[in-house]
Each structure stands twice: as C-alpha cells, then as structure tokens.
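Below, each chain spelled out in residue letters.
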Amino acid sequence: MTDEIAISETERLELKRLELERYKAWLDYRKFIWASVVAAITIAAIPPLFQLATAGLEYVKSEAARKMQAQQFRDGYVKDFLNTALNQNIELRIRFAKYFSFVSSEKDDWKKYLDDLTGLRDTKKTEIDKLEAEFQNLADRPGADAIAVNEARRHLDWAYSEVGYAAINAAANPRLPDESKGPGLSLDSISPDKQPIAQKILDAFAEAKFGQFQQVAALANAIAESALDPKVGSDDDSWGLFLLNRNGGFGTGYTREQLQDPDTNIGIVVKEALKNQRFAAATSLDAAVDIFVRQIARPQNQTSEAIRRQQIARQLLRS
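Residues numbered from 1 in each chain as written. Predicted model: local features only at pLDDT ≥ 70, side-chain atom pairs only at ≥ 80, totals over all residues. Heavy atoms only, no water.

1. A few points about helix 8 (residues 262-274)
So, point 1. Helix length check: helix 8, at 13 residues, gives a terminal C-alpha distance of 18 Å against a target of 18 Å (1.5 Å per residue), a fit within 8%.
So, point 2. Every buried residue of helix 8 is listed here: P262, N265, I266, I268, V269, V270, E272 and A273. (Helix = DSSP H or I, 4+ residues; strand = E, 2+ residues; numbered from the N terminus. Expected span 1.5 Å × (residues − 1). Buried < 20%, exposed > 50% of the residue type's maximum accessible area, 1.4 Å probe, protein only.)

2. Focus on the confidence of the model for the protein
So, point 1. In the predicted model, the protein carries a mean pLDDT of 77, and the fraction of residues at 70 or more is 70%.
So, point 2. For the stretch residues 165-183, pLDDT sits under 50, and the model shows 42 contacts to residues farther than four places along the chain or on other chains. (pLDDT = per-residue confidence, 0-100. Contact = heavy atoms within 4.5 Å.)

3. So, the nonpolar core
So, point 1. Core analysis: the largest hydrophobic core is formed by 42 residues, its most contacted members being I201, F205, L219, L228, F242, F279 and F292.
So, point 2. Of all the secondary structure elements, the ones that give two or more residues to this core are helix 5 (195-207), helix 6 (212-226), helix 8, helix 10 (285-297) and helix 11 (302-317).
So, point 3. Ranked by the residues each element gives to this core, the list is headed by helix 6, at eight residues.
So, point 4. With eight residues, the next largest nonpolar core counts I94, A97, W110 and L114 among its residues. (Core = buried A, V, L, I, M, F, W, Y, C linked by side-chain atoms within 4.5 Å.)

4. A closer look at helix 5
So, point 1. Look at helix 5: 18 Å from first C-alpha to last across 13 residues, which is about the 18 Å you get at 1.5 Å a residue.
So, point 2. Buried residues in helix 5 make contact with helix 6, helix 8, helix 9 (277-281) and helix 10.
So, point 3. Following helix 5 by one or two positions, K209 has its phi on the positive side, about 75 degrees.

5. Looking at unusual backbone geometry
Leaving glycine out, the prevailing phi sign among residues is negative, and the prevailing peptide bond configuration is trans.
So, point 1. At L243, a residue that is not glycine, the phi angle is positive and equals roughly 45 degrees.
So, point 2. Along the chain, L243 turns up in the loop between strand 1 (238-239) and strand 2 (244-245).
So, point 3. For N301, which is not glycine, the phi torsion reads 50 degrees and is therefore positive.
So, point 4. Here N301 lies in the loop between helix 10 and helix 11.
So, point 5. For N301, a relative accessible area of 59% translates into the label exposed.

6. Some remarks on the packing of helix 10 against helix 11
So, point 1. For the pair helix 10 and helix 11, the least separation of the axes is 9 Å and the interaxial angle reads 135 degrees. As summarised for this structure, helix 10 and helix 11 are arranged oblique, according to the angle between their axes. As for the relative orientation of helix 10 and helix 11, their crossing is right-handed in sense. Between helix 10 and helix 11, the residues in contact are L285, D286, V289, D290, V293, R294 and A297 and Q302, T303, E305, A306, R309, Q310, A313, R314 and L317, respectively.
So, point 2. Broken down by class, the residue content of the contact of helix 10 with helix 11 amounts to seven nonpolar, three polar and six charged. (Axes fitted to C-alpha atoms, helices over the stretch in contact; angles between N-to-C directions. Parallel < 35°, antiparallel > 145°, perpendicular 65-115°, else oblique. Left-handed = near helix turned anticlockwise from the far one by under 90°. Nonpolar A, V, L, I, M, F, W, Y, C, P; charged D, E, K, R; others polar.)

7. What about the packing of aromatic side chains?
So, point 1. Evaluated as defined, the whole model comprises four aromatic pairs.
So, point 2. Here F205 and F210 contribute two aromatic rings whose centre-to-centre distance is 5.5 Å and whose plane-to-plane angle is 45 degrees, an arrangement assigned as tilted. In this pair, the class of F205 matches that of F210, namely buried.
So, point 3. Aromatic pair F279 and F292: ring centres 5.4 Å apart, planes at 65 degrees, arrangement edge-to-face. With F279 in helix 9 and F292 in helix 10, this residue pair connects regions lying 13 residues apart in the sequence. Of the two residues examined, F279 and F292, each falls in the buried class.
So, point 4. Ring pairs connect the aromatic residues F205, F210, F242, F279 and F292, which therefore count as one cluster.
So, point 5. Residue placement shows R256 over the ring face of W239; its charged tip is 5.1 Å from the ring centre. (Phe/Tyr/Trp six-rings, centres within 6.5 Å; stacked < 30°, edge-to-face > 60°. Lys NZ or Arg CZ within 6 Å of the ring centre and 35° of its normal.)

8. A few points about the pattern of salt bridges
So, point 1. Overall, the coordinates contain 10 salt bridges when judged by the stated rule.
So, point 2. R309 is paired through a salt bridge with E225; the nearest N and O atoms lie 3.1 Å apart. Of this pair, R309 sits in helix 11 while E225 is found in helix 6, placing the two residues 84 residues apart along the sequence. Neither R309 nor E225 differs from the other in exposure class; each is buried.
So, point 3. Between R294 and D290 there is a salt bridge, and its shortest N-O distance comes to 3.0 Å. In this pair, R294 and D290 both sit in helix 10, four residues apart, roughly one turn of the helix.
So, point 4. Residue R294 is classed as partly exposed on the basis of its relative accessible area of 32%.
So, point 5. Residue D290 is classed as partly exposed on the basis of its relative accessible area, which comes to 25%.
So, point 6. Beyond isolated ion pairs, a larger network of salt bridges with shared partners links E225, E305, R308 and R309. (Salt bridge = Lys/Arg side-chain N within 4 Å of Asp/Glu carboxyl O.)

This is the structure in structure tokens:
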C-alpha cells in the first residue's frame, strides 16, 4: 500500500514538472513572438525616423544659415552706415534711416533715430533762416565790414552743408548745383522782357568755353551794372550792359552807339574775361563773382559790390 502511495506521489510531481515545462515553453514562445513583433516594428520605423531626424537636422541647419545671413546683412548695413551715412549731411542720413526703418529687424531703433534726425533738421532750418536774415542785413548795409560779412557767409555755408545735399566738408554752398551735373540755373528772378538779353550773355560766355559759375557771374554783374538795359549810360561816359567806360576803360575807342549794341558790349567783356586766368579757373560761384568784380568790372566800393552781386548770382542758381 505504501508503495502505491509513493508511486502516485511520484507521478503527481512528474505531472507538475511537465506542466511547468509547458508553461515555460509557452512563455518562451510569447517572448519570441513579441520580440519578433517589436523587431519588425522597429525595422519598419527606421526609414521614417531617419527621414524625420534628417528633416530636423536640415531645419536646424537652415535656421542657422538664416540667422547667419541676417547677422551678415545687419553687419553689412551697420558697416555701410558707419562708413557712409555718418559722413553725410542730415538729409542723406534721414533717407538712410527711413529705408532701414522699413527693412531692418530693428525697426523701432531706426524709427527713433529717424525722428531724432528729423528734429535736428528742423532745428537747423530755423538756424539757417536766422543766418540768412543776418547775412542779408550785413550785405545790404552800406560800408559793411567785409570780415563780418565773410564770417556770416561762412557760417551760413556751414549750416547749409550740414543740412543740404553735399558732404559735410564741402567748401561750396550746397544750394549751388555741381557744374558736372549740367545746368542748374534759372532766369525766373529776371523779368520776362529781360530774359532774352540774359540768355544772350549766358550763351556768349558758354561759347567762349566758360563754365556755369563764370556764366552766372557775368550775368549777375550785368544785372548789377545796367539791370540788363542795353541802352543805359552813366555820367562818367560808361554805356551798355556792362557799363563800359570810354575814358580809359574797356569802352575806350568805341562809340556810345557801339557800346549800346548788346552783341558788341558782351563781346568786349568776353574778350577781357578770356585774358583773366583766375576768373576762368574759379571753382565756386562766389569766387567767380568776386574775381569778375575786382579784376574785370572794377566798380567803386568793390567789397560791398562783390557781396551784392554774389547775392544776385545765388538767386540765379538757387533751386
């Protein structure tokens, strides 16, 4: 009986072992299945993941390139601004600031700078109006001190240069056009009935190869001498557009009627002007007028007359 019980216990244990072996085999099978599935999913996911990673990398690279280009652009316009705009007058700096207030990534800063420049320009314009009045009062005053007049004119030129369309260190008044850029004069300040005579003077000096400053200087002197009346005369026997004097002046040897002929009168002055190398070489309107007054026209009170005729000439070239 005891042997039978022992056998039964042995069989029971064997059955348990076999059951555990089957469970282990089932677990191994499940592990294999899951491992296969995960491996398959992983393998299937590799291309999209690689593409996603590549796309992410490209995005990072493109962002870096974009930021670099933006920085290079900013560095470029800052360099241009430092090298160019700061060396220019207020009007050019305003144009520069206005442009970058639209295209720069720092629009607010540029707009603030634009407002500052605009305010500075308005202040300078007020200063110019005051200097113009002071200069005009000095120039029109009989017996004006030449040093004071020249100082006032110099201050006015500096103010115009800072605001106007010329470099800050320009010597000439920025209101006056550059000869190399073509004619910039206007005859609007001359009455219509006198404009043909004015044009005749300009044409004669142009044909003689004189520049625009010299042409306008001659015309300004004719306006001052005769108001462009070819028949005018004076008590000292001076006649015509440039009041050429018959007693030791450029009108010597000519009759009154000859000097009252515009072509003859102008021709005599052109001939004398061609002899004056300083007049031909003048590089500014003021210099051309001053030389014409002192070395060709030679009126009385040359200092005050030079100032008055420079004012006339500026009216002809003022835009």
